[in-house]
Amino acid sequence: SKRSRDAGHSAHLALQETASTLKVMGMVHTKLGTLDEAMICFQEAIDIMRFNFDEMGSGPIVFSILSRIGGIFSKMNKLDEA
């Protein structure tokens, strides 16, 4: 029904907004130098996107977050993980 379809769309939108918020929080933690906290935020955002969306829906956001994680590993001198 239209109502359940609308509810499903709203739930997906809320999940995307949550992942985006976690990404921004990770960016703030990166700027503050609290890199462990940044990693937690980024990983939670990735988990939300990968669990709830297919690759087409999650790909650009996950790629963006993974590149930020690579930057953190670089700052932590953990280039093998980056």
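The shown structure was predicted, so the numbers you read here are calculated from the model rather than taken from an experiment. (Residues numbered from 1 in each chain as written. Predicted model: local features only at pLDDT ≥ 70, side-chain atom pairs only at ≥ 80, totals over all residues. Heavy atoms only, no water.)

1. Quick notes on the overall build of the protein chain
Part 1 of the argument: Each helix and strand in the protein chain was counted, giving three helices and zero strands.
Part 2 of the argument: Ordered by position from the N terminus, the helices and strands of the protein chain form the series α-α-α.
Part 3 of the argument: Taking all 82 residues of the protein chain together, the buried fraction comes to 29%.
Part 4 of the argument: For the protein chain, restricting intrachain contacts to residue pairs at least 6 apart in sequence, the fraction spanning at least 24 positions comes to 47%.
Part 5 of the argument: Of the roughly 5,700 Å² that the protein chain leaves accessible, carbon and sulfur atoms contribute 59%. (Helix = DSSP H or I, 4+ residues; strand = E, 2+ residues; numbered from the N terminus. Buried < 20%, exposed > 50% of the residue type's maximum accessible area, 1.4 Å probe, protein only. Contact = heavy atoms within 4.5 Å. Areas by Shrake-Rupley, 256 points an atom, 1.4 Å probe, with all protein chains shown as cover.)

2. What to know about a nonpolar patch on the surface
Part 1 of the argument: Residues Val24, Met27, Val28 and Leu32 make up a contiguous nonpolar surface patch of roughly 350 Å² in combined accessible area.
Part 2 of the argument: Relative to the helices and strands, Val24 is located in helix 1 (residues 2–32).
Part 3 of the argument: Looking at Val24, the relative accessible area reads 47%, which means it is partly exposed. (Patch = residues over 30% accessible without salt bridge, like charges linked within 9 Å, V, L, I, M, F, W, Y side chains within 5 Å. Salt bridge = Lys/Arg side-chain N within 4 Å of Asp/Glu carboxyl O.)

3. Comments concerning the nonpolar core
Part 1 of the argument: Phe42, Ile65, Ile69 and Ile72 are the most contacted members of the largest nonpolar core, which totals 16 residues.
Part 2 of the argument: The set of elements that each furnish at least two residues to this core consists of helix 1, helix 2 (35–52) and helix 3 (55–75).
Part 3 of the argument: In terms of residues, this core owes the most to one element, helix 2, which gives eight residues.
Part 4 of the argument: Residues within four places of Phe42 in sequence aside, it is in contact with Lys23, Gly26, Met27, Thr30, Ile65, Arg68, Ile69 and Ile72. (Core = buried A, V, L, I, M, F, W, Y, C linked by side-chain atoms within 4.5 Å.)

4. What about the packing of helix 2 against helix 3?
Part 1 of the argument: In the contact formed by helix 2 and helix 3, the axes pass within 10 Å of each other and the chain directions differ by 160°. Taken as axis vectors, helix 2 and helix 3 run roughly antiparallel relative to one another. Considering how the two elements wind past one another, helix 2 and helix 3 form a crossing that is left-handed. Contacts between helix 2 and helix 3 involve Leu35, Ala38, Met39, Phe42, Ala45, Ile46, Met49 and Arg50 on the former and, on the latter, Gly57, Ser58, Ile61, Val62, Ile65, Leu66, Arg68, Ile69, Ile72, Phe73 and Lys75.
Part 2 of the argument: Residue composition of the contact of helix 2 with helix 3, by class: 14 nonpolar, two polar and three charged. (Axes fitted to C-alpha atoms, helices over the stretch in contact; angles between N-to-C directions. Parallel < 35°, antiparallel > 145°, perpendicular 65-115°, else oblique. Left-handed = near helix turned anticlockwise from the far one by under 90°. Nonpolar A, V, L, I, M, F, W, Y, C, P; charged D, E, K, R; others polar.)

5. Concerning helix 2
At 3.6 residues per turn, the α-helix brings residues three or four places apart onto the same side.
Part 1 of the argument: Here helix 2 contains 18 residues, and its C-alpha end-to-end distance of 26 Å stays within 8% of the 26 Å for a straight helix at 1.5 Å per residue.
Part 2 of the argument: The set of residues buried in helix 2 consists of Leu35, Ala38, Met39, Cys41, Phe42, Ala45, Ile46, Ile48 and Met49. (Expected span 1.5 Å × (residues − 1).)

6. A few points about the confidence of the model for the protein chain
Part 1 of the argument: Taken over all residues, the pLDDT of the protein chain has a mean of 87, while the share at 70 or more is 89%.
Part 2 of the argument: Averaged pLDDT values for the elements of the protein chain fall to 86 in helix 3 and rise to 94 in helix 2. (pLDDT = per-residue confidence, 0-100.)

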